[in-house]
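Working through the structure, step by step
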Amino acid sequence: QVLLVESGGGLVQSGGSLRLSCAASGRTFSNYIMGWFRQAPGKEREFVSAISRSGDSLSYADSVKGRFTISRDNAKNTVYLQMNSLKPEDTSVYYCAAKEKAGLIFDYWGQGTQVTVSS
């Protein structure tokens, strides 16, 4: 079980950067694969990025590859998403999520943080 709380969202101009943080409350944070998802108004939720339990394996959606970087600090129970070269189409609510290693889905979700990129 893990409780997730995102922070770091805000308003930024095209080409700017933001760093999102996801703080986890559980003692077993390192047991979870962590991911970031986003959902824009009128759109379905989409995968953004994921990171393995040890942090040695990273995955990105094609739309953000080369611009976003996911990382984690297990000692601090925190996952990060560094977002550079932001575009208006990145505007979404961004959600942190956790998945058990053997799980089929991400079972635990934060409340989300709004990212708005102006043109």
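Keep in mind the model is a prediction, meaning the values are calculated, not measured. (Residues numbered from 1 in each chain as written. Predicted model: local features only at pLDDT ≥ 70, side-chain atom pairs only at ≥ 80, totals over all residues. Heavy atoms only, no water.)

This brings us to the environment of S63. The topology assignment puts S63 in the loop between β6 (58-60) and β7 (68-73). Separated by 27 residues in the primary sequence, S63 and D90 place their C-alpha atoms 9.0 Å from one another. Looking at S63, its side chain comes within polar contact range of the side chain of R38, at 3.5 Å. (Helix = DSSP H or I, 4+ residues; strand = E, 2+ residues; numbered from the N terminus. Polar contact = N/O pair within 3.5 Å; in protein donor to acceptor, adjacent residues only side chain to side chain.)

Relative to the helices and strands, S92 is located in strand β9 (residues 92-100). Judged by its relative accessible area of 3%, S92 is buried. Among the polar contacts made by the side chain of S92, one reaches the main-chain amide nitrogen of A40 at a distance of 3.5 Å. In this structure S92 touches R38, Q39, A40, T113, Q114 and V115, once residues within four positions along its chain are discounted. (Buried < 20%, exposed > 50% of the residue type's maximum accessible area, 1.4 Å probe, protein only. Contact = heavy atoms within 4.5 Å.)

Two side chains of opposite charge can pair, provided their charged atoms sit close to one another. Under the defined criterion, the tally for this structure stands at four salt bridges. D90 serves as the salt-bridge partner of R38, at 2.9 Å between the closest nitrogen and oxygen. Highlighted residues: R38 in strand β4 (residues 32-39) and D90 in the loop between β8 (78-83) and β9, separated in sequence by 52 residues. Here R38 and D90 have matching classes, each one buried. A single salt-bridge network, built from bridges that share partners, covers R38, E46, R67 and D90. (Salt bridge = Lys/Arg side-chain N within 4 Å of Asp/Glu carboxyl O.)

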